[in-house]
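Below are the chains, spelled out letter by letter.
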Amino acid sequence: MTSRLSDRLREVVRSRPPAGASSAPEASGGTPDAAAGPSRAVEDTLGGEWRTIDAGRYFIVERRLASEGRHGSRRIGDLAAQLERSATDACLFAGGARPPWLFFDLETTGLNGGAGTLAFLIGCGAFDPDGGFVIRQYVLTRLGDERSVLQAVSRLVRDAGALVSFNGKSFDAPLLESRFAYHRLPWIASTVPHLDVLHPARRFWREDGKAGAPCSLAALERQVLDAGRDHDVPGAEAPGRYFQFIRSGDPEALVDVLEHNRLDLLSLAGLTARLLTLVREGPEGARSGREAFALGDLYERAGWHTQSHAALEQALELLSPSPRETIDRIPGAQSRTWHSAVNGSGPGVHLPDTSAEVNCFEEMKTAMAGGDGVRRSSVGPEAKRASDRLRAEVLRALARSHRRAGRYEAAALRWRQLLDGSGCTPELAREAAEALAVHHEHRRRDLASARVFALRTLESPVSSVRHTAIRHRLARLERKIREAGALLALTGLES
Amino acid sequence: MSVWGLARTDAASRPSGRDLALEAALDRLVPGQKIDRPDTPDLSVTAVRRLDALEAQTVPFPERLDRRLKAALEARGIRALYTHQAEAVAHALAGEHVVVVTPTASGKTLCYNAPILHTILQDPSCRALYLFPTKALAQDQLAELHGLSEVIRGVSGDEIGVFTYDGDTPQDARRSIRARAHLVLSNPDMVHAGILPHHPRWAKLFENLKFVVIDELHAYRGVFGSHLGNVLRRLWRVCRHYGASPVFICSSATIANPRELAERLVERPCYLVDQTGAPRGEKLFVFVNPPVVNQQLGIRRSYLSETRRVAGEFLKRDLQVIVFAQSRLSTEILTTYLKDDFGEPPGGAERIRGYRGGYLPNHRREVEKGLRDGQVRAVVSTNALELGIDIGPLDVSVMAGYPGTIAATWQRAGRAGRRAARSAAVLVASSAPIDQYIVRHPSYFFDRTPERALIDPDNLHILVDHVKCAAFELPFSSDERFGRHDVQEVLTVLAEQGFVHRVDGEAAAGDPSGRPGAWTWTSESYPADAVSLRSVSSDNFVVVDTTGEPKVIGETDFTSGPSTLHPQAIYLVEGRLFQVQSLDFDGRKAYVRSVDCDYYTDAISHTRVTILDTFAQGCRTVEGADGGGERDAAASDLVESRAIDAWRSHGEVHVVSRVVGFKKIRFYTNENVGSGELDLPEQQMHTTAYWLTIDAHVLASLPFAASDRRDGLIGMAFALKQIAQLLLMCDGHDIGLSIDSGELVDPARPNAFVGVEQDRLVFIYDNYPGGIGFSQPLYRMHAELLGHTYRLVAGCDCENGCPSCVGPVGQTGPLAKSAALALLRLLLAESSSETRHALVTGT
């Protein structure tokens, strides 16, 4: 099979970028085709069976996890029950979402999308009436079966009350939609509500709360569900293993991929149960400031202002840095004490000169850090910073919530705490200082303080439009102060 | 009749002020010259030609044309079709692929818009895809189509969705465009990397695709065209998947082979419409050669200053002028010159504007509008305005330097007087050999058909990339074809590398109707991302400026990297000078710093060409102008007939080149002010070449010393390459030149000329891996090549050689010109009378 053209082609192909390490064949040439000695091995190795739909066949692996089984710290039956109880709260995450839930997760031949990227494994999970978790995995053991696979999946989707995925809105669903379009099959999933757990998971559980930080399913299942995996095959290896199967016909490499996919589906169900339970139970059930804050955010979007405010207060409490708390792990009393200490500095809020309060704050921090000779040993500086940042966000949300409700003094207090706390970013500082400047100018009529805060807004980098607005405010304040001064002088003269 | 012989369109009417101004300006340029004077190569104005006005030829709208479309066209003042429009519409609606050759302002867009809008109005599910070579042209056409669709909505209430889809389209708008667009205006790059690989998302478009428009077809030559041919092959495959079979409508500027090019790209028969029915205004075409200021060195007055003077004559008389410059830098320089001379008073509207790539879209729209409404009196542009952007009718087009091809020159000239108005075009030659050849041989330009656009979609490098993309898009069936080569063999090799896998029998993913087997994509990569349509290889060098914070300021393709980015090389970006501090060859990065110096660098490279395979050979005594290949001497005859002196050949070669040093050349004076040695890795490439074999005894018979004979050979080769470039309508870096013995020589003395003469081979090779289709045409045009080269050198004013013929005298030796001429005469003198005739007449 060597010709002149072949030789020149080899030269050309080698001068181009390679196919990618993970997809390189084990041995070139001489490998049997998938079709050669296949189906028996596939059925035995993967533990599945062939089914027919319309004129075609497809391969499916089905497993049922009994309700007594466990995933991390949960019974599977409990997950089913939690989901059952919280069904009505799901609409907070996805409009119209209702049971039965269809959890789905794909394994694909690449992450780039496009017509050449296949979903070689479509994993679907659902709870049965007895609290068991049934997983159906549609495996593309023969490339020509894709159309049948999609038709089968389509029937499953049709009967679902909602689809639940992890990053499915951005990845899995568009990819499947594209496969349906490729075969010119109708994409019925567009009419089914879709709850993508990734987005709430970011708000509820991402460790450092930083936008863009990774938030993987594997990390979440450890953190939220206390579940771990042994010998898990990383998702990134899946395409290579599939190509290896396609070239060699040996399905062995797919066994672990199927297991990985099943665990993903189970964790997805676990996270969903936890989310819906949180929403139903409210902030009392929150285990961290972040969870409570995310709840507040969620309620706020739903227009539930009262519940939102309560959740934010709970978040603040959970986040308040009390040294005792970290030692005793008893939230509540101590942090309240600390709160009143801050509140006690109340008069400082009115002072244009903030140094007094800053000193007060510094003292607090010193006390926290070394007062009892104890530091949070388990919490690194990175986590501390993240927690401070989150606390600042909570204060901002609270301040806005108070302001909306017309509780201006309470709002001013939160803005002030925000401004003086350590997690305050320049943007937050600007917003807080501006709010305080407005507050002091128009409500308190404390022009000197207003001026100090207005000046402070200039410390953060601002856009030129904003800069002009600030200059205007300052000019106005200067004028008012001058007028007030003149008036004072006048009254002084008269008296 | 004036001295200019401008024909009055209406004998009774008096000349307009504009006509008088035009006449007066021309009179200043060519005092007292009558229009029908002979060409005068030695004067400053070497040629003046008048192109007669043409009357419009129209026919009524075809009966079958949708009434709503007719009403909309009438509402826009169009009451009939030009004959060529009617012809194009009729054939396109009959389902034939059509290529329309359209001079500027002949209403080309109606040739495709009319059949397409008609079809959509008849059946709103129909879709069309428009391809433009640039985003700006798509935007321009979008505005026109929006206008037309607005009128249609006004007339009948029918909604026609027109959208551009390119790199600038916001992500969130894309889905709705895919659903709603009847007409998608895009470019080949976007179709290649954004649409075809995602064809399922575009299922609605492809299922209903009735028409594909390729506008500015002539822009797709060389590498770009070779890529487009493959993109269209992929497009056909995807259309087949969705059961569509679109009709292609192509529009091209005047080139020699529009139909051949269209058929090469579309790979189906195309109907040619090339008789225009559009009216044309009378046009004067003037060639200006700046006067010689140093006879000995052959130095002429700067063509930019000359352009300034010429443009000034028209501007002074309030005529609206477009000036075309050859580079971004000269655009800026000329803009500055003209602003100095004719700038507006402070606070006034800007009358003189520049226009080039790199300006922001808003800026460009503003200039275009200023030109249309007459606010802007002169625009200085790169080739950015050569294509069909609507800037309204201008009075004069002035070209600073020969645009490089006959087709482009007509395009640029056409930007003046588009709408049947009287106009002028002036070409100011630079001292480049091609410019000098054109300006001194006006009939070469005026009497010749424009160039052929050459492409090679079967270049293996390009083909392999697109086979990968195609396999990603749809599995290849095991009996499928794709281009001229056996694609099954390509797929076999790709399978060895793990890109695809062949599945047989019922497991195949191919057509369910029982194809024998299929090749499926088995790689995680997205192959279109690694392929740029504008180059053969995506491998390139990045230029990093480390003067301040390191930042990337440019890139250079791999082939020319070492010669332009070697250590100490001066690298120019928009007139700013940088010096290369270091070249990371493996990392493909050059680190540069901003410098201030008065020289640039010119790399010295050694190139060795080895012949791998000779596709055809012939002696010069048998070729005609068309060079019938069937008369080629067979290789075995070659050995017997050693008496034949010069041979032409073309075939596959191996090119090894290495940059061994560089020269420092002072700006303006071009003196050599220093040099350096370099040690850079070799670059190797398989490509195709044309070569000329000169027998040892021919060389030995030259009445010159050995070193002068060598100079003559080098000088002739220098001129030969310039002419090759002219004939091939390609850029200077598209082809490479090497003189070699064709055999392995003493590596210690590469290219060394020993005392005893040996056979010399002059190679002109395609400077792209795999070749891009220049060699065979050169082989065919061998006689023309030699003849034009002789006329270039013989006709040059200089005494002993200059950059306009055999190269600057300082570099080529004092007798280079004489020896080159003697050599060329010798090669020509022994030609048959048939060939001599071709050489003398230049046909």
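Values in this document were obtained by computation on a predicted structure and should not be read as measured data.

K.L.:
Even after reading the chapter, I still don't get the overall build of chain B, so can you show me in this structure?
P.N.:
Looking only at helices and strands, one finds 27 helices and 32 strands in chain B. Expressed as a percentage of its 843 residues, the buried residues of chain B come to 51%. The contacts in chain B between residues at least 6 apart in sequence include a share of 73% that link residues at least 24 apart.

K.L.:
I would appreciate a short explanation of the packing of helix H11 (residues 305-319) of chain A against helix H16 (residues 381-404) of chain A in the present structure.
P.N.:
Helix packing for two helices is described by the angle between their axes and how far apart those axes are. Residues and elements named next belong to chain A. Close contact between H11 and H16 brings their axes to 9 Å; oriented N to C, the two are set at 150°. Put simply, H11 runs roughly antiparallel to H16. Handedness of the crossing formed by H11 with H16: left-handed. The residues of H16 that touch H11, namely those facing His 305, Ser 308, His 309, Leu 312, Ala 315, Leu 316 and Leu 319, are Ser 387, Leu 390, Arg 391, Val 394, Ala 397, Leu 398 and Ser 401. Residues of the contact of H11 with H16, tallied by class, amount to 8 nonpolar, 5 polar and 1 charged.

K.L.:
Explain the environment of B:Gly147 to me, please; I cannot follow it from the model alone.
P.N.:
All names here are of chain B. Within the secondary structure, Gly 147 sits in helix H5 (residues 135-156). On the basis of neighbour counts, which here come to 13 C-beta atoms within 10 Å, the residue Gly 147 falls in the partly exposed class. Expressed as a C-alpha distance, the spacing of Gly 147 and Arg 76, which sit 71 residues apart in the sequence, is 9.3 Å.

K.L.:
What should I look at first to understand the sheet that holds strand E20 (residues 500-504) of chain B in this one?
P.N.:
The strands making up a sheet associate through hydrogen bonds between their backbones, and the pairing can be parallel or antiparallel. All names here are of chain B. Pairing is antiparallel across the open sheet formed by 3 strands, whose spatial order is E19-E21-E20. At either end of the open sheet lies a strand with only one pairing partner, and these are strand E19 (476-477) and E20. Direction of pairing for E19 relative to strand E21 (residues 517-521): antiparallel, over a ladder of 2 bridges. Bridge pairing in E21 places Phe 476 opposite Trp 519.

K.L.:
So what exactly am I meant to see when it comes to the nonpolar core here?
P.N.:
Soluble globular proteins: nonpolar side chains tend toward being buried together. Core analysis: the biggest nonpolar cluster contains 342 residues, and B:Val321 and B:Val323 have the highest contact counts within it. Among the elements that line this core, the one with the most residues is helix H9 (residues 252-281) of chain A, at 14 residues. If we skip the residues at most four places from it in the chain, B:Val323 touches B:Thr307, B:Ala311, B:Leu334, B:Ala378, B:Val380, B:Val398 and B:Ala400. If you look at the next biggest cluster of nonpolar residues, it comprises 12 residues, including B:Ala569, B:Ile570, B:Val580 and B:Ala590.

K.L.:
Before we go on, may I ask you to explain the pairing of strand E15 (residues 352-355) of chain B in this structure?
P.N.:
Remember that side chains alternate between the two faces of the sheet whenever the strand is regular. Residue and element names in this part refer to chain B. Neither face of E15 is left uncovered, since the one carrying Ile 352 and Gly 354 and the one carrying Arg 353 and Tyr 355 both have all their residues buried. As judged from the 4 bridges shared by E15 and strand E16 (residues 378-381), these two strands associate in the parallel manner. Within E16, the position partnered with Tyr 355 by the bridge is Ser 381.

K.L.:
Help me out: how do you make sense of helix H11 (residues 303-316) of chain B in this one?
P.N.:
All names here are of chain B. Compared with an ideal rise of 1.5 Å per residue, which puts 14 residues at 20 Å, H11 spans 19 Å between its outermost C-alpha atoms and is within 8% of the ideal. Buried residues of H11: Tyr 303, Glu 306, Thr 307, Arg 308, Val 310, Ala 311, Glu 313, Phe 314 and Leu 315, and no others. Looking one or two places after H11, you find Asp 318, whose phi comes out positive at around 60°.

Cut-off values and rules
- Residues numbered from 1 in each chain as written.
- Chains lettered and ligands numbered in written order.
- Predicted model: local features only at pLDDT ≥ 70, side-chain atom pairs only at ≥ 80, totals over all residues.
- Helix = DSSP H or I, 4+ residues; strand = E, 2+ residues; numbered from the N terminus.
- Buried ≥ 20, exposed ≤ 12 C-beta atoms within 10 Å, placed from the backbone.
- Contact = placed C-beta atoms within 7 Å.
- Axes fitted to C-alpha atoms, helices over the stretch in contact; angles between N-to-C directions.
- Parallel < 35°, antiparallel > 145°, perpendicular 65-115°, else oblique.
- Left-handed = near helix turned anticlockwise from the far one by under 90°.
- Nonpolar A, V, L, I, M, F, W, Y, C, P; charged D, E, K, R; others polar.
- Pairing = 2+ DSSP bridges.
- Core = buried A, V, L, I, M, F, W, Y, C linked by C-beta atoms within 7 Å.
- Expected span 1.5 Å × (residues − 1).

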